[in-house]
Amino acid sequence: MLSGRRLDLLDPSPLDIEIEDIAHGLARVARWNGQTSGEQIFSVAQHSVLVELIARRQAEVAGVELDRRWRLAMLLHDAPEYVVGDMISPFKAVLGGDYKGVEARLLAAVSLRFGLPAQWPAVLVKKVKAADRASAFLEATRLAGFKVDEARRFFGTPFPLDPAVEREHLSPWSAGEAKARFLARFTELASIPLHDPSAGGPP
C-alpha cells in the first residue's frame, strides 16, 4: 500500500488497513469499467459517498435516522475494491466463489478496523443493497448510457434526489476531489457518538 502497509490478500489483518489507502485507491478505481461520460472517471469513492447519501435519504423517507455505524458501513461497502478493483457483476459471477471469498475477507478486515462487525447483519446488507441499486440506477441513466426502462429492469425503481444534489454527486469528480470528499465524510461519521438510542440501527 502507499502507506507502506503490506496486506495479505488471503488473510488480511485489520491492523494493516488504513483509511488513507482505501480513499486513495477507491478514488482511482472506475465504476462501469470507465464507460461513462465526462472528462473524469466516475470513481468508486464518489459512488460510495453517493450511496451513503442515498441511504440517509431513504431512511428519512421511512421516518428513521440511520445509526452512525450503519452510515459508515454504507460508505465502506465497496472498500475491498481499493485492493481488487471494481469488476462488473457478470464477470464476478464467472469467477465464482474464490473471488467472493477474497472480497468477503477484505470487507471483514475493513469492518473490524473501523468498529463494525465482521459479519454484517442481514437487515444492514439489505439496506446497503437498496442504496447501492438506487445509486447504480442514477449512474446508469445519467452517465453510462442506459435508457430508463432498461435501468429499471436491472436496478429496480429509482430513488429521486433533488436536482442540485443529483448534479453535485453525479458530475464526476477528479481523483483528488473524490479522495478528499470520501475522507471528509469518513471523518465526519467517525466523529459522531457511537450510538444514539433514538436512531435506527445497532446499539
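Look up a bit, the structure's there.
Figured I'd write up the structure that's included with this text. Predicted model only: the values in this text are computed from it and were never measured.

How each quantity is defined
- Residues numbered from 1 in each chain as written.
- Predicted model: local features only at pLDDT ≥ 70, side-chain atom pairs only at ≥ 80, totals over all residues.
- Heavy atoms only, no water.
- Core = buried A, V, L, I, M, F, W, Y, C linked by side-chain atoms within 4.5 Å.
- Buried < 20%, exposed > 50% of the residue type's maximum accessible area, 1.4 Å probe, protein only.
- Helix = DSSP H or I, 4+ residues; strand = E, 2+ residues; numbered from the N terminus.
- Axes fitted to C-alpha atoms, helices over the stretch in contact; angles between N-to-C directions.
- Left-handed = near helix turned anticlockwise from the far one by under 90°.
- Contact = heavy atoms within 4.5 Å.
- Nonpolar A, V, L, I, M, F, W, Y, C, P; charged D, E, K, R; others polar.
- Salt bridge = Lys/Arg side-chain N within 4 Å of Asp/Glu carboxyl O.
- Phe/Tyr/Trp six-rings, centres within 6.5 Å; stacked < 30°, edge-to-face > 60°.

## A closer look at the nonpolar core
Judged by nonpolar contacts, the single largest core of 51 residues is most densely connected at Ile22, Leu76, Phe114 and Phe182. Secondary-structure elements contributing two or more residues to this core are helix 1 (19-26), helix 2 (44-61), helix 3 (68-76), helix 6 (97-113), helix 7 (122-142), helix 9 (163-170) and helix 10 (175-190). Of all the elements, helix 2 adds the most residues to this core, at nine residues. In this structure, Ala140, Ala144, Ala151 and Phe155 belong to the second largest nonpolar core, which totals seven residues.

## Remarks on the packing of helix 2 against helix 3
Packed helix pairs are specified by the crossing angle of their axes together with the interaxial distance, meaning the distance between the axes. For the pair helix 2 and helix 3, the least separation of the axes is 7 Å and the interaxial angle reads 145°. The way helix 2 lies across helix 3 gives a crossing that is right-handed. Mapping the contact onto sequence places Ser48, Val49, Val51, Glu52, Ala55 and Arg56 in helix 2 and Arg71, Met74 and Leu75 in helix 3. Its residues assigned to classes, the contact of helix 2 with helix 3 comprises five nonpolar, one polar and three charged.

## Some thoughts on the environment of Arg6
If you trace the backbone, Arg6 turns up in the segment before helix 1. In the structure, Arg6 is positioned 10 residues away from Asp16 in sequence and 6.5 Å away in space, judged by C-alpha atoms.

## Observations regarding the environment of Glu139
For Glu139, the location among the structural elements is in helix 7. Along the primary structure Glu139 and Phe42 are separated by 97 residues, whereas in three dimensions their C-alpha atoms are 8.6 Å apart. Once residues lying within four places of it in the same chain are set aside, the contact partners of Glu139 are Arg31, Trp32, Phe42, His47, Leu50, Ala144 and Leu170.

## Looking at the pattern of salt bridges
Under the definition given, this model contains 11 salt bridges. Arg113 is the salt-bridge partner of Glu18, the closest N and O atoms lying 3.8 Å from each other. Of the two residues, Glu18 sits in the segment before helix 1 while Arg113 sits in helix 6, which places them 95 residues apart along the sequence. The class for Arg113 is partly exposed, based on a relative accessible area of 34%. Note that Glu168 and Arg181 form a salt bridge whose closest N and O atoms lie 2.5 Å from each other. Separated by 13 residues along the polypeptide, Glu168 in helix 9 and Arg181 in helix 10 bring together distant segments of the chain. Classification of Glu168 as partly exposed rests on a relative accessible area of 38%.

## Side note on helix 1
Side chains three or four residues apart in an α-helix point the same way, a direct result of the helix having 3.6 residues per turn. Of all eight residues that make up helix 1, six are buried, and the element is covered over most of its length. All of the buried residues in helix 1 are Ile19, Asp21, Ile22, Ala23, Gly25 and Leu26.

## A look at the packing of aromatic side chains
Applying the stated criterion to the full structure yields six aromatic pairs. Ring plane angle 80° and centroid distance 6.1 Å describe the contact between Phe146 and Phe154, whose orientation is recorded as edge-to-face. In this structure Phe154 comes out as partly exposed when scored by relative accessible area, which is 48%. Ring geometry for Phe146 against Phe155: centres 6.1 Å apart, planes inclined by 45°, an arrangement best described as tilted. Aromatic ring contacts, followed pair by pair, group Trp32, Phe146, Phe154 and Phe155 into a single cluster.

Just geometry here; none of it tells us what the structure is for.
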